[in-house]
Structures are given as structure tokens and as C-alpha cells.
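These are the residues of each chain, in order.
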Protein chains: 6
Amino acid sequence: MRSSKRQFDEMRPISFERNVSKHAEGSCLVKFGDTHVLCTASLEEKVPGWMRNSGRGWVTAEYGMLPRATGDRTRREASTGKQGGRTLEIQRLIGRSLRAVVDLQALGEMQITVDCDVLQADGGTRTASITGGWVALYDCLRWMEARQMTTVSKVLRDHVAAISCGIYEGQPVLDLDYLEDSSAGTDANFVMTGKGGIVEIQGTAEGVPFSEEEFSALMALARKGISRLVSLQQMAVS
Amino acid sequence: MRSSKRQFDEMRPISFERNVSKHAEGSCLVKFGDTHVLCTASLEEKVPGWMRNSGRGWVTAEYGMLPRATGDRTRREASTGKQGGRTLEIQRLIGRSLRAVVDLQALGEMQITVDCDVLQADGGTRTASITGGWVALYDCLRWMEARQMTTVSKVLRDHVAAISCGIYEGQPVLDLDYLEDSSAGTDANFVMTGKGGIVEIQGTAEGVPFSEEEFSALMALARKGISRLVSLQQMAVS
Amino acid sequence: MRSSKRQFDEMRPISFERNVSKHAEGSCLVKFGDTHVLCTASLEEKVPGWMRNSGRGWVTAEYGMLPRATGDRTRREASTGKQGGRTLEIQRLIGRSLRAVVDLQALGEMQITVDCDVLQADGGTRTASITGGWVALYDCLRWMEARQMTTVSKVLRDHVAAISCGIYEGQPVLDLDYLEDSSAGTDANFVMTGKGGIVEIQGTAEGVPFSEEEFSALMALARKGISRLVSLQQMAVS
Amino acid sequence: MRSSKRQFDEMRPISFERNVSKHAEGSCLVKFGDTHVLCTASLEEKVPGWMRNSGRGWVTAEYGMLPRATGDRTRREASTGKQGGRTLEIQRLIGRSLRAVVDLQALGEMQITVDCDVLQADGGTRTASITGGWVALYDCLRWMEARQMTTVSKVLRDHVAAISCGIYEGQPVLDLDYLEDSSAGTDANFVMTGKGGIVEIQGTAEGVPFSEEEFSALMALARKGISRLVSLQQMAVS
Amino acid sequence: MRSSKRQFDEMRPISFERNVSKHAEGSCLVKFGDTHVLCTASLEEKVPGWMRNSGRGWVTAEYGMLPRATGDRTRREASTGKQGGRTLEIQRLIGRSLRAVVDLQALGEMQITVDCDVLQADGGTRTASITGGWVALYDCLRWMEARQMTTVSKVLRDHVAAISCGIYEGQPVLDLDYLEDSSAGTDANFVMTGKGGIVEIQGTAEGVPFSEEEFSALMALARKGISRLVSLQQMAVS
Amino acid sequence: MRSSKRQFDEMRPISFERNVSKHAEGSCLVKFGDTHVLCTASLEEKVPGWMRNSGRGWVTAEYGMLPRATGDRTRREASTGKQGGRTLEIQRLIGRSLRAVVDLQALGEMQITVDCDVLQADGGTRTASITGGWVALYDCLRWMEARQMTTVSKVLRDHVAAISCGIYEGQPVLDLDYLEDSSAGTDANFVMTGKGGIVEIQGTAEGVPFSEEEFSALMALARKGISRLVSLQQMAVS
């Protein structure tokens with residue numbers, strides 16, 4: 001029995017609230033249970049220096065956590081003077097995941113920055129960020145389409161969503177909350193597209209190494225979860 | 001006529017939503033129109049080094065703005081590597097304002113940090129932060145009272161709230177939004193207590209210097225606005 | 001009775017020593033009693049990036065304090081790795097105050113940086129900086145006029161000066177020194193022009209909130225003090 | 001045909017040179033072909049603050065790259081002022097991987113820092129670092145054993161080694177060099193123990209998403225490669 | 001003929017003004033011609049962590065330059081975020097030079113920090129800093145002696161002073177100003193004690209390497225200059 | 001008798017290993033006994049901003065030390081967030097020394113960066129860096145000559161090499177190792193050209209000031225040592 005009382009393959013309640021920002025071209029408040037992430041997609045009509053005159057655009061992501069998003073207050077990275085290793089690792093992952101379904105050539109020389117700010121954390125903030133970030137990105141492209149700047153379907157090739165899995169008391173389970181994550185033996189994050197292609201896999205043993213069989217079981221669970229997340233994204237944007 | 005269509009002495013719709021954070025001891029999502037600030041109050045049972053063994057507690061504040069809280073995306077301070085002058089100035093103001101109504105001796109050797117994170121900005125973020133920060137602080141003290149750690153009424157001596165005023169097209173007006181603020185000739189922020197005492201005044205001429213009479217008119221407006229904010233705080237916490 | 005033995009409306013001895021720097025276009029060593037600030041105005045024939053090709057110039061200020069300007073040695077900001085909140089707040093104030101009397105259009109695309117470095121501190125360093133900074137700025141413009149680069153009277157519309165006031169043992173007093181400032185109940189800084197227009201007001205309750213009447217008394221004192229500072233500036237530059 | 005002319009399951013020449021440092025308790029210069037990493041293990045008889053009095057020890061890693069380890073000179077992180085996201089990500093991975101086979105309780109309150117400095121880079125620097133880092137760690141524990149400070153076999157539970165795989169021109173291949181990595185469609189790093197347990201998996205699609213079958217093929221290759229690396233480690237330390 | 005019209009062995013007018021700081025235990029405004037350095041010596045009754053409980057004291061120095069001490073305005077190190085290499089090099093030199101004549105054991109567990117801030121620069125700021133820093137240090141020890149904290153003669157074993165020499169248009173000259181320094185072929189700084197012992201030598205070829213004979217000529221000049229500086233120090237403090 | 005058992009004028013075994021880097025245009029692993037420095041020379045076809053369009057090139061150096069190059073592990077400067085004063089001082093010295101024998105005009109608008117990374121330290125890292133750096137620089141110019149980009153003999157006017165000397169138990173000795181350096185009374189570094197011109201002299205008293213005679217003795221030793229180093233460089237590159 002999971003501490004969350006959920007079935008081993010049951011995700012937390014998922015919701016997407018669109019247009020939550022007066023200013024951003026696209027925005028989405030995504031909730032995976034008590035994990036709440038505010039995603040905004042901001043369009044700029046210029047690209048990083050190293051891409052200039054390439055004719056291609058860029059999609060990047062930044063990630064942050066409010067100081068009291070967590071159980072104990074975390075020191076503000078702005079006052080620490082730098083982004084920590086975990087933050088940099090997560091925002092690089094979000095960026096790579098979103099770019100995996102974007103045709104940068106079709107986007108043209110523009111940059112979209114997806115900011116994922118965790119208002120409240122309860123495990124799975126990176127997977128919620130990717131999943132909600134896709135919705136914000138989609139809405140940003142719609143905003144552009146409405147202004148004849150692009151065609152959504154040309155730039156955005158597919159959905160992308162992410163979920164975590166883990167081995168909790170010997171049993172593979174889907175979508176760990178913070179409490180489950182803290183006592184899970186293995187923790188894995190999967191990023192997949194709407195068509196089921198794998199974009200990113202990250203699996204880490206906490207304590208005891210895991211076997212290939214265990215890993216396959218986690219991947220099967222993830223596939224199921226991501227398939228449901230993609231359906232929810234479709235409902236959200238239609 | 002104001003660009004916001006409001007009367008010269010009319011504030012934007014104000015709301016306080018309490019208990020918006022699963023983790024924080026006190027929290028409040030405050031809205032002054034389209035300006036939305038998430039305030040959390042976090043209790044730590046230790047004080048800064050320079051206060052140790054003084055028997056007194058401390059209340060401090062930090063302020064931040066999500067990158068796309070603004071019309072154009074602002075660079076994230078965590079990636080810039082430092083908090084800007086404006087941020088530091090505002091968070092010092094919030095801290096001073098809240099401490100003005102707290103009996104630090106009665107609090108005892110504990111620290112409460114009030115984080116004010118602007119989710120969406122449309123002018124008046126510092127005044128919303130102070131006004132909403134008071135509610136979060138109140139709830140944190142209530143949380144402590146429920147655990148026999150303190151008595152709210154002994155620690156919190158009064159309400160504190162803040163509002164901006166300005167001279168817009170020659171006319172003193174209350175509670176400027178971003179658009180009005182941008183074209184206002186003079187911009188002043190007032191922080192006052194429930195009993196009407198003044199805690200902080202900041203007035204700045206933008207362009208043309210202002211007269212003592214104009215300043216008095218702004219203060220009269222502010223007094224009216226703050227009196228109303230205090231009533232709203234009372235309703236919110238009762 | 002003030003600890004300084006001064007009358008409630010008596011300022012400390014004020015002096016301006018001009019041309020104290022071999023290199024700077026304008027310079028002034030200003031003394032408000034034991035508070036000594038070295039102000040230099042440096043001309044550069046380029047403006048910040050965001051102003052380029054605007055046809056307008058810029059006046060900005062930087063503020064610093066020598067490590068042993070204070071009673072206890074303060075850590076050097078250059079070795080700390082950043083300017084503190086107080087420093088940033090003060091230098092922003094000095095810059096805004098000086099710009100309030102400058103016609104940036106008439107200046108043309110040039111930048112003047114006024115550096116205010118506190119050699120010795122005894123309260124009122126920001127007000128001395130503004131008041132002495134104006135003299136350095138004036139001399140820089142004279143230097144330019146002598147080279148047919150500008151006309152002082154077109155660029156510099158008025159004097160600007162600043163003074164602090166406070167409520168010391170229940171009594172409003174003018175121009176607080178460090179000792180008085182430390183025990184003052186309320187501390188207010190006023191920046192005004194030669195014509196008596198108000199440029200900036202900052203009032204802060206230390207401990208007990210203050211009333212509108214008290215604030216008016218402080219402003220009346222300030223007006224008197226600034227009027228005298230402006231006379232002294234006039235004598236200094238004529 | 002691989003650009004390196006190697007068979008799809010053929011690793012580059014691997015070598016471990018021990019005792020390359022006069023000062024370090026354990027050290028190893030590991031070569032995976034033209035990728036050369038100097039690994040040192042440094043013992044300190046104290047642990048990080050958060051572990052003090054826990055009775056447990058700590059193993060951590062740091063990673064760096066000499067500026068001209070790469071084809072084009074990279075800017076020195078010491079002069080940039082911070083370690084980049086990639087550096088932080090890699091050194092966190094190395095630390096986690098080594099800790100997976102260490103009994104921190106048995107180590108006792110001491111810290112071993114494994115520094116992995118890339119002298120020359122040609123792809124696979126993180127996998128070489130983990131594999132060579134294990135040898136340095138082993139020698140550090142031997143050094144301690146020789147001084148009756150610990151027993152190697154109690155602290156070090158198993159080998160750990162790492163290898164990269166990728167899909168190169170549609171074909172899964174083992175141990176990519178820089179050139180192959182640059183054009184590989186998918187890039188995956190595997191960290192496994194001597195007994196075959198999985199410690200860490202990181203798979204990233206570059207361009208096109210990959211399938212579960214492709215991923216299984218990569219894992220099979222990795223298993224083979226790591227098995228060989230473990231044999232080489234055994235030979236090196238015996 | 002030197003551009004300064006001085007004889008080859010003629011120093012600039014040198015002066016020491018003591019007690020220029022209201023707060024510092026010792027202070028001296030030293031002038032080597034147009035080079036003006038404000039030196040303060042600050043006493044703290046604690047030593048750096050690594051010296052604690054050693055029974056020995058410490059003398060250290062910090063060096064800074066006001067932004068417009070130079071012909072062109074230099075960026076403020078506090079805003080740059082770090083002290084430059086030149087600054088660090090100079091302040092290390094000043095500290096080493098002063099410690100060379102101090103008996104740290106006799107000082108006891110206290111730290112004296114000598115801050116050397118260049119108000120105006122015209123070449124030779126490091127030599128002026130050492131020479132004037134000695135006077136500030138002496139006065140700080142006198143301050144301590146007056147409070148029975150130490151005996152000057154036990155702690156301060158000798159004078160220390162410094163001067164620069166250079167080869168200017170083929171001729172060795174003493175005490176270069178900025179203009180001479182800029183065109184000098186070789187630049188050397190000498191630090192010597194009152195008894196004539198050498199504490200530090202730094203010689204640098206600018207352009208063409210120099211010979212041992214030339215260097216000896218510079219040292220002879222320096223010896224003469226330092227001997228005179230020591231006499232001036234003696235007069236200043238007696 | 002020296003602790004190293006060497007004669008007073010005997011250097012440690014010196015070796016230069018060329019072409020140790022697959023990527024760098026020039027490279028050299030230099031050993032002065034147990035001091036091992038990896039020097040690489042990197043060519044970039046652009047110069048620093050302030051040299052652009054001057055027609056002249058630039059040679060610069062950077063210096064670093066691996067964390068466990070030393071007896072106790074040193075904190076990594078990349079994680080500290082800045083290069084220490086000692087590092088900056090040394091890399092400035094290396095750069096000046098190399099430029100002393102380079103005709104920057106003949107080089108043309110290109111920059112060569114010589115990175116000196118200490119793999120193992122046992123005293124004399126700066127002198128080894130200069131001496132080995134010259135070899136890397138030479139090979140970089142040869143690489144350019146082979147591509148008709150320059151002529152070595154036109155750009156490189158002479159050899160440059162460096163050695164340390166010190167007074168060890170009252171006796172002047174050549175080429176101090178770490179142990180000797182720690183107990184030496186005076187420490188001096190000399191940089192000279194192949195023709196015997198002096199490029200840089202740095203002498204520091206540790207403890208007791210030194211005399212001119214002692215210094216002359218050190219210089220005589222250094223001259224002998226450098227003459228031998230130049231012969232070894234010649235052998236290495238021929």
C-alpha cells in the first residue's frame with residue numbers, strides 16, 4: 001500500500017489551467033496533486049548570439065522554486081548568488097525535452113523561453129514542468145499563429161510529457177509524491193512524445209542498485225502514465 | 001479621467017486569499033487588481049547571528065518577481081547572480097514596515113521570514129506585498145498560538161498596510177496601476193498602521209518637482225485608502 | 001537639548017571645497033560637520049546602451065564608503081563581491097535627485113557620473129552627497145562650457161540639496177549627526193530644489209509610528225535647512 | 001562502419017595508471033582512448049556540517065576540464081566565476097555513482113573527495129571519470145587500511161564503472177568518441193556495479209526520439225562494456 | 001631631462017598628515033607629489049580563524065582606488081563584483097612589507113588592518129601606501145600604548161618605506177610619476193627598512209630586458225630615496 | 001646541507017615533454033623534479049577588444065592548480081567563484097615574461113593563450129610555468145609556420161626562462177623545492193632571456209630582511225640556472 005493510498009499505477013489528480021498570465025504569450029498553471037508549477041512561454045524576436053543569422057529559432061527553459069514551495073524554507077537562489085546544480089540540471093532537461101518536439105527551422109529566428117516556477121512542491125516538479133511547459137509553449141505558438149507569425153502544426157511536431165516512477169517498498173509505482181520519493185529505492189523520470197517515442201530517461205538507484213527487469217517495469221508504468229498525460233493535454237488545449 | 005476609468009480616490013479590486021500554501025505557517029495571495037503577490041510567512045526557531053541570546057526575535061522579508069510577471073520578460077535574478085537595487089530596496093521596506101507593528105521582545109528568539117513573490121505585476125507590487133504580507137504574518141502567529149508558542153495579540157500590535165498615490169494629469173489619484181504609474185508626474189508610497197500612524201513615506205518627483213500642497217493631497221488620499229485596506233484585512237482574518 | 005548641543009533648527013558647519021581632484025572635470029569635498037564626502041563628476045562622451053541615438057544624455061551617481069569611514073571598520077564592498085542594499089539605495093537616490101534639475105536633452109549624448117565617496121561618516125552621508133554632488137556636477141558643466149561643449153544654464157535648471165530631520169527626544173530637529181540619528185524616533189530625508197520644489201521625501205519611523213503633524217514639522221525644518229544649503233552652494237560656486 | 005573504425009561493440013583502448021600523484025591518498029590516470037582523466041582521492045578527517053555526529057562518512061566528487069582539453073579552448077571556470085550546469089551535473093553523477101558502492105557507515109566520520117580533472121577530452125569524460133574514480137577511491141581506502149583506519153572490503157561493497165552508448169547511423173554502438181557522439185542520434189550513459197546492478201541510466205534523444213527496443217539494445221551493449229571495464233579495474237588493482 | 005623637471009635622484013615633495021580620521025586608531029594622509037593616499041589603521045581584538053589561540057597577532061592591508069583617482073574614470077571594484085589582480089597584488093605587498101617590521105608575537109592576539117585608499121593617483125601608489133601605512137600603523141600602536149595594551153617599541157622593530165625607480169630615456173631615475181612611468185623602460189619597486197635591510201624587490205622590464213648593472217643603479221637610487229623617506233617618517237611621528 | 005641533498009647550485013632534474021595534447025597548437029609537460037606543469041598554447045584568430053585594428057597580436061597566460069596538486073587538498077577556484085590573488089599574480093607574471101620575448105607586431109592580429117596547469121606541486125610552479133610555457137609557445141608558432149601563418153624567428157626574439165633562489169640556513173641555494181621554500185629566509189624569482197637580459201625580478205624577505213650582497217649572490221645563482229634551462233629548452237625544441 002502506497003502512503004498516498006493510490007493504486008501502484010494511479011497518478012495524482014492532474015490539471016492544467018491556461019491563460020493564467022496577463023502578460024505572457026502562453027501560460028499554464030499545472031498541478032500534479034499538491035505540486036503546482038506556473039509555466040509561462042515568452043516570445044522574443046531575437047535568438048542567442050551563437051544562432052544569429054542561422055535562420056533557426058530556439059526554445060529554452062528556466063526553472064525556479066519559490067523559497068517556501070518546500071516543507072522547510074529554501075534559501076532564495078537570487079540571494080545565494082547562483083543557481084544550484086539541481087536547478088541547472090532540471091532547466092536543461094526541460095529545454096531539451098521541449099526542443100525534441102519543435103522544428104526550430106520552422107520557428108524562424110525567434111526565441112521562446114519557457115519559465116517554470118514551482119509555487120508549491122510535493123515531488124515531481126520537473127515532470128510537471130515539462131508537461132505543463134508544453135501547454136504554455138502550445139499557447140504561445142497559437143498566439144503567434146493568430147498574428148500570422150507562424151503555423152502551430154508546422155513548428156510543434158508532437159506532444160511531450162513526463163512522469164516519474166519508482167520502486168516503493170519493492171513495488172514499481174507511478175508518479176511519486178514527496179513522501180514516497182523520499183523512501184523510494186529507485187527513482188526514474190521518463191520523457192516521451194505523443195507518439196510514444198522516448199526523449200529522455202533518467203534512472204537513479206537510491207541505496208540498492210536495480211535490475212533491468214525492474215527498470216522495464218518502471219518504463220511500462222511510465223508509458224501508461226504519459227499516454228494519459230498526453231490525453232489530458234489534448235483535452236486542455238482543444 | 002484616469003486611464004483605468006477609476007475615480008481619483010478609487011482603489012482597484014482588492015482581495016486576500018489565505019492558506020494558499022500547503023507548507024508555510026502563514027500564507028496569503030493578495031491581489032490589487034492585476035497585481036498578484038504570493039506572500040508566505042515561514043517560522044524558524046533561530047535568529048540571525050547578531051541577535052543570538054538577545055531574547056528578541058526578528059521579522060524579515062524577501063521580495064522577488066517571476067521573470068514574466070512583467071510586460072516584457074525580465075532576466076531572472078538567480079541567473080544574473082545578484083538581486084538588483086530595486087529588489088533590495090523593496091524587501092528592506094517590507095521588512096521595516098512589518099517590524100513596525102511587531103513586538104520583537106514578545107516574539108522571543110524566533111525568526112519569521114515573509115516572502116513576497118510577484119506572480120503578476122501591474123503597478124503597486126510593494127504596497128500589495130506589505131498589505132498581504134501582514135495577513136501572512138498574522139496567520140503565522142495564529143499557527144504559533146495554536147501550538148502555545150505565542151499570543152498573537154501580544155506580538156502583533158496593530159495592522160499595517162500600504163498604498164501608492166500619484167499625480168496623474170495634474171490630479172492626485174489613489175492606487176496607480178502600471179500604465180498610470182508610467183505617466184504619473186509624482187509617485188508616492190505610504191505605509192500606515194491601523195491606528196493611522198505613519199510608518200514610512202516615500203515620495204519621488206518624476207520630471208517636475210512637487211509642492212507641499214500636492215504632497216498633502218496625496219497623503220490624504222493614502223490615509224483613506226489605507227483605512228479601507230485595514231478594514232479588508234480585518235474582514236479577511238476574522 | 002540635543003547631544004550635539006546644537007539648536008533644534010541648527011545645522012552643522014557646512015563647507016564645500018572645490019577643485020580637489022587633479023583629474024575630474026568637476027569635484028567637491030563637502031563637509032557636514034564630521035561627515036566628509038569626496039564628490040567627483042566625470043564626463044564620458046557616450047551614454048548607456050539603452051539611450052544610444054536618443055539624442056539625450058545621462059547623469060548617474062555611485063556611492064561608496066571607505067572601510068574605516070565608520071566607527072567600526074566596515075568590510076570593503078569590493079572584497080565582499082557586491083554592493084549592499086543600502087549602497088544601491090543611496091546611489092539610486094543621488095542619481096534621481098541630480099537628474100531632477102538637469103535637462104538631459106540639452107546635455108546631449110554624454111554621460112556624467114558623480115562619484116560620492118565617504119571619507120568620514122557621522123550621519124547624513126546621503127544628504128551631504130546630494131548637496132556636494134550638485135557642486136561637482138556644476139563644475140563639470142562649467143568645464144564643458146569652457147570648451148564650448150555646452151551652456152551651464154541650459155543644462156542645469158536649478159540647485160538641488162538635501163537634509164535629514166528627525167524626532168529626537170520628542171522634538172523635531174534638523175541635520176542629525178550619527179549619535180542623534182541612532183536614538184531618533186523618526187528619520188526623514190528631504191531633497192528640494194532651489195525654487196523650493198520637492199524632489200524626494202523619505203520618512204521612516206524607528207520604533208513608534210509618527211503623525212502627519214510631526215511630519216509637517218520635519219518638512220518645515222527641512223525647507224529652512226535646504227534654503228540655507230542652496231545659499232551656501234551659490235556662494236561656493238560664485 | 002564507425003568513423004573510429006571500431007566494431008559496434010568495441011571499446012577504445014582502456015588503461016589505468018595508478019599512483020600518479022605524489023600527494024593524494026589514491027590516484028589514477030585513466031584513459032579511454034584519447035580521453036584522459038586524472039582522478040585523485042583525497043581523505044579528510046571531517047565531514048560536511050550537515051553530517052556531523054552522524055557517525056557516517058561521505059564520498060563526494062568534483063569535475064573539471066583543463067581549458068584546452070577540448071578542440072577549441074574553453075573558458076576557465078575559475079575565471080568565469082562559476083561552474084557551468086554541465087560541470088555540476090557531471091560531478092553530481094560521479095559522486096552518486098561512487099556512493100552507490102560505498103558503505104558510509106563503515107567508512108566512519110571521514111570524507112573522501114574524488115577530483116576528476118580532464119587533461120584531454122575526446123568524448124566519454126564522465127564515464128571515464130567514474131571508472132577511474134573508482135580506482136582512485138580504492139587506492140585511498142587501501143592507504144587507510146595500511147594505517148589501520150579502515151578495512152577496504154567493509155567499506156567498498158563492489159566495483160562501479162560506466163560507459164556511453166549511442167545510435168550511430170542507425171546502429172547501436174559502444175563507447176562513443178567525440179566525433180561519433182556529435183553525430184549520434186541518441187546518447188546514453190550507463191553506470192553499473194560489478195555484480196551487474198544498475199546504478200544510473202541517462203538516455204537522451206538528439207533529434208529523433210528513440211524506441212524501447214533501441215534502448216534495450218544500448219543497455220545490452222553497455223552491460224558488455226561495463227563487464228569488461230570491471231575486469232580491467234580488477235587487473236589494475238590486483 | 002625628466003618630464004617632471006626633477007633631478008634624476010630627486011623625489012617629489014613628500015608629506016604625511018596624521019590623525020586625519022575621527023574614527024581610526026591610526027591614520028595618515030600621505031602625499032608623494034600628486035599621489036594622495038589615505039591610510040587608516042584599524043584595530044580589532046580578534047585574529048583570522050587560522051591564527052586563533054596561537055598567541056600571535058596579525059597585520060594585514062587592503063588597497064583601493066577611488067573611481068576617479070585616475071585620469072580616466074575606472075570602474076568601481078565594488079560594482080564589478082571583485083577586486084582585480086593588480087589590487088590583490090598590491091595589497092598583498094603592503095601587508096607583507098608592514099609585517100616585515102612587526103613582531104607578531106609581541107602584538108598578541110589582535111589584528112590591525114591598514115586600509116590604503118588612493119584619493120588621487122599619479123604613479124607610485126603602492127610605494128606611497130607602504131610608506132604612509134607605516135605611519136598609520138605606528139599611530140595605531142601609540143593609541144594602544146596609551147591604553148596600556150602594548151609597547152610600541154616592542155611590536156614595531158623598525159621603519160619600513162618604499163620607492164619606485166625606473167630607467168627613463170636610458171637614465172636611472174627615482175620616484176616616477178605617472179607620465180614617466182608610462183614611458184619608462186624598466187620599472188622597479190623597492191621596500192627597505194630603516195636599517196637598510198631589503199624587504200621586497202620587484203623589477204619588471206617594459207619592452208627591453210635590463211642588465212644587472214642597470215638594476216644595481218636602480219637599487220642605489222632606491223636606497224638613497226628610502227633613507228630620506230625614513231627620515232621624513234621620523235620627523236612626522238616625533 | 002640542503003634537505004633535498006642537492007648541491008647549493010644544483011637544480012632538480014628538468015624535463016620537457018612536447019606534443020602532449022591532441023588539441024593544442026603547442027604543448028609541453030614540464031617537470032622541475034616533482035613539480036609538473038602542463039602547458040598548452042592555444043591560437044585564436046582574434047585579439048582582445050582593446051587591441052582590435054591595431055595590427056598587433058597578444059600573448060596572454062592563465063594559471064591554475066588541480067585541487068590535489070598540493071599536500072593538502074586546496075579548494076577548487078571554479079567552485080570558490082574566483083581566482084585567488086596568488087593565481088592572478090602568477091598568471092600576470094607568466095604573461096609579461098613571455099611577451100618580453102615576443103614581437104607582437106610581427107605576430108599580427110592573433111592571440112595566443114598559454115595555459116599553465118599544475119598537475120603536481122613541489123615548489124617553483126611559476127618558474128616551471130614560464131620555462132615550459134616558452135616551449136609550448138614555440139611549438140604553437142612552429143604550427144603556425146607550417147601553415148605559412150608566420151615565421152617563428154620573426155615573432156620569437158629569444159628564449160625566456162625562470163628559476164627561484166633562496167637563502168636556506170644562511171646559504172644561497174638554487175631552485176627550491178617546497179620543503180626548502182617553506183623554511184627559506186628569503187625567496188626570489190628571476191626571469192631572464194637567452195641572451196642574459198633580466199625580464200623580471202621578485203625578491204621577498206620571509207622573516208629577516210636581506211642585504212644587497214645576499215641578493216647579488218642569489219642573482220648569480222639564478223643566472224647560472226637560467227643559462228642551463230635555456231640550453232635544455234634548445235635541446236628540447238631542436
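- As recorded in an unreviewed UniProt entry, chain A goes by the name Ribonuclease PH, listed as coming from Kumtagia ephedrae.
- Checking UniProt for chain A, the heading Catalytic activity (unreviewed entry) contains the comment "tRNA(n+1) + phosphate = tRNA(n) + a ribonucleoside 5'-diphosphate".
- If you open the UniProt record of chain A and go to Sequence similarities (unreviewed entry), you find "Belongs to the RNase PH family."

A look at the UniProt feature "domain: Exoribonuclease phosphorolytic" (unreviewed entry) in chain A
Next, step 1: Here the UniProt-annotated "domain: Exoribonuclease phosphorolytic" (unreviewed entry) positions come out as residues 10-140 and 160-225 of chain A.
Next, step 2: Helix makes up 30% of residues 10-140 of chain A and strand 31%, whereas the separation of the span's terminal C-alpha atoms amounts to 31 Å.

Considerations on the interface of chain B and chain A
Next, step 1: Opposite the 37 residues of chain B that make contact, chain A presents 37 residues.
Next, step 2: Approximately 2700 Å² of surface area, both sides summed, lies buried where chain B meets chain A, with 47% of it carried by carbon and sulfur atoms.
Next, step 3: If you sort the residues of chain B by the area they bury against chain A, B:His23, B:Arg68 and B:Arg76 come out on top, with a joint share of 27%.
Next, step 4: At the boundary of chain B with chain A, the tally comes to 14 salt bridges.
Next, step 5: The closest approach of N and O atoms between B:Arg76 and A:Asp117, which form a salt bridge, is 2.9 Å.
Next, step 6: Where the side of chain B that touches chain A is concerned, the elements lending two or more residues are strand S3 (35-44), strand S4 (58-65), helix H1 (77-80) and strand S5 (111-120) of chain B.
Next, step 7: The element that contributes the greatest number of residues to the side of chain B that touches chain A is S5(B), accounting for 6 residues.
Next, step 8: The residue inventory of the side of chain B that touches chain A, partitioned by class, reads 13 nonpolar, 12 polar and 12 charged.

Here we look at the pattern of salt bridges
Next, step 1: Per the counting criterion, the structure on display carries 114 salt bridges over all chains.
Next, step 2: A salt bridge links D:Arg73 to F:Asp115; the nearest nitrogen and oxygen atoms lie 2.6 Å apart. Of the two residues, D:Arg73 sits in the loop between strand S4 (58-65) and helix H1 (77-80) while F:Asp115 sits in strand S5 (residues 111-120), which places them in two different chains.
Next, step 3: Residue D:Arg73 is classed as partly exposed on the basis of its relative accessible area of 22%.
Next, step 4: By relative accessible area, which is 1% here, F:Asp115 ends up buried.
Next, step 5: Each of the salt bridges in this network shares a partner with another, and the network as a whole consists of A:Arg2, A:Arg6, A:Arg12, A:Asp122, A:Asp175, A:Asp177 and A:Glu180.

Topic: the arrangement of the chains
Next, step 1: With no contact between them, chain A and chain E keep their nearest C-alpha atoms 11 Å apart.
Next, step 2: Where chain B comes nearest to chain F, the C-alpha atoms are still 11 Å apart, and the two do not contact one another.

Some remarks on helix H4 (residues 125-146) of chain D
Residue and element names in this part refer to chain D.
Next, step 1: Its 22 residues place the ends of H4 31 Å apart at the C-alpha level, agreeing with the 32 Å of an ideal helix rising 1.5 Å per residue.
Next, step 2: Among the 22 residues of H4, 18 are classified as buried, and the element is accordingly described as predominantly covered.
Next, step 3: Looking at the residues trailing H4, positive phi occurs at Gln-148, about 55°.

What to know about the packing of aromatic side chains
Next, step 1: Counted under the stated rule, the structure contains 27 aromatic pairs over all chains.
Next, step 2: For the ring pair C:Phe190 and C:Phe215, a centre distance of 5.7 Å and an interplane angle of 35° mean the geometry is tilted. Note that C:Phe190 is positioned in strand S8 (residues 186-193) and C:Phe215 in helix H7 (residues 212-237), a separation of 25 residues in sequence. Each member of the pair, C:Phe190 together with C:Phe215, is buried.
Next, step 3: Ring pairs connect the aromatic residues A:Phe190, A:Phe210, A:Phe215, D:Phe190, D:Phe210 and D:Phe215, which therefore count as one cluster.
Next, step 4: Across from the ring centre of D:Trp143, 3.8 Å away, lies the NZ or CZ of D:Arg147, which sits over that ring.

Concerning the packing of helix H4 (residues 125-146) of chain A against helix H7 (residues 212-237) of chain A
A packed helix pair is summarised by two numbers, namely the angle formed by the two axes and the spacing between the axes.
All names here are of chain A.
Next, step 1: Following both chains from N to C, one finds H4 and H7 inclined at 30°, their axes separated by 11 Å at the closest point. By the criterion of interaxial angle, the relationship of H4 to H7 is roughly parallel. Pair H4 / H7 crosses with right-handed handedness. Where H4 approaches H7, its residues Thr-131, Trp-134, Val-135, Tyr-138 and Arg-142 are matched on the opposing element by Leu-229, Gln-233 and Val-237.

Conventions used here
Residues numbered from 1 in each chain as written. Chains lettered and ligands numbered in written order. Predicted model: local features only at pLDDT ≥ 70, side-chain atom pairs only at ≥ 80, totals over all residues. Heavy atoms only, no water. UniProt positions renumbered as here; feature names shortened; annotations may be inferred. Helix = DSSP H or I, 4+ residues; strand = E, 2+ residues; numbered from the N terminus. Contact = heavy atoms within 4.5 Å. Buried area = accessible area lost by both parts, 1.4 Å probe. Salt bridge = Lys/Arg side-chain N within 4 Å of Asp/Glu carboxyl O. Nonpolar A, V, L, I, M, F, W, Y, C, P; charged D, E, K, R; others polar. Buried < 20%, exposed > 50% of the residue type's maximum accessible area, 1.4 Å probe, protein only. Expected span 1.5 Å × (residues − 1). Phe/Tyr/Trp six-rings, centres within 6.5 Å; stacked < 30°, edge-to-face > 60°. Lys NZ or Arg CZ within 6 Å of the ring centre and 35° of its normal. Axes fitted to C-alpha atoms, helices over the stretch in contact; angles between N-to-C directions. Parallel < 35°, antiparallel > 145°, perpendicular 65-115°, else oblique. Left-handed = near helix turned anticlockwise from the far one by under 90°.

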